[in-house]
Amino acid sequence: MRRSKYHFKFEELTIYTTAMEFGEVVNVQTKKFPKDERFELTSQFKRAADSIALNIAEGASGSDKQFHNYLGNAWYSAHECIACSSKAWLRNYITTEEDEENRRLITELSKMITTLRAIIFKRINI
């Protein structure tokens, strides 16, 4: 990712950069979707994918409790992306390989989110 002279701490988080990259993967894939899906599955998939990184960024600037909650929202959005990817595959908008790659990336992100949430939860409850 580009490094600006106006840098924010959350931009250093691997979980954030991974989520940003996944959002771009989805953006490329949805460009191939039919035009009649523009305000339906295309929009839903892009918003859910982008929401992962957006929730990480928003939560990282708050308290541990707030960050824990925002990571929960990111986790829900990641799982929403599974349903979107499945729908896209069922409608033949993406290949089996693309769906599998989406699932791999979402699994990676979900594990990262779960691990970070557990670490923060311990800090909150010490």
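Higher on the page you've got the structure.
Residues numbered from 1 in each chain as written. Predicted model: local features only at pLDDT ≥ 70, side-chain atom pairs only at ≥ 80, totals over all residues. Heavy atoms only, no water.

S.K.: Lay out the overall build of the protein chain with the relevant residues and their values.
M.R.: Helix and strand content of the protein chain: four helices and zero strands. For the protein chain, the α and β elements follow one another from N to C terminus as α-α-α-α. The C-alpha atoms of the protein chain give a radius of gyration of 15 Å, which matches the 14 Å a tight globule of 126 residues would have. Overall size of the protein chain, expressed as C-alpha extent along the three principal axes, is 50 × 35 × 25 Å. The buried share among the 126 residues of the protein chain stands at 38%. Total accessible area on the protein chain is roughly 7,900 Å²; 55% of this is exposed by carbon and sulfur atoms. Across the protein chain, 19 positive and 17 negative side-chain charges occur, with their mean positions spaced 5 Å apart. (Helix = DSSP H or I, 4+ residues; strand = E, 2+ residues; numbered from the N terminus. Rg over C-alpha atoms; globule rule 2.2 N^0.38 Å. Buried < 20%, exposed > 50% of the residue type's maximum accessible area, 1.4 Å probe, protein only. Areas by Shrake-Rupley, 256 points an atom, 1.4 Å probe, with all protein chains shown as cover. Lys, Arg positive; Asp, Glu negative; His and termini not counted. Charge placed at Lys NZ, Arg CZ, Asp CG, Glu CD.)

S.K.: For the side chain of Thr42, give the residues involved together with the corresponding values.
M.R.: You can see Thr42 is positioned in helix α2 (residues 41-60). Setting aside chain neighbours within four positions, we find Thr42 in contact with Thr30, Phe33 and Glu37. (Contact = heavy atoms within 4.5 Å.)

S.K.: Tell me about the packing of aromatic side chains, and please be specific about residues and values.
M.R.: All chains considered together, the criterion is met by four aromatic pairs. With 5.1 Å between their ring centres and 45° between their planes, Phe33 and Tyr93 make a pair best called tilted. With Phe33 in the loop between α1 (14-30) and α2 and Tyr93 in the loop between α3 (64-90) and α4 (96-124), this pair connects stretches of sequence that are 60 residues apart. Since its relative accessible area comes to 6%, Phe33 is described here as buried. Among the residues examined, Tyr93 registers a relative accessible area of 18% and is labelled buried. (Phe/Tyr/Trp six-rings, centres within 6.5 Å; stacked < 30°, edge-to-face > 60°.)

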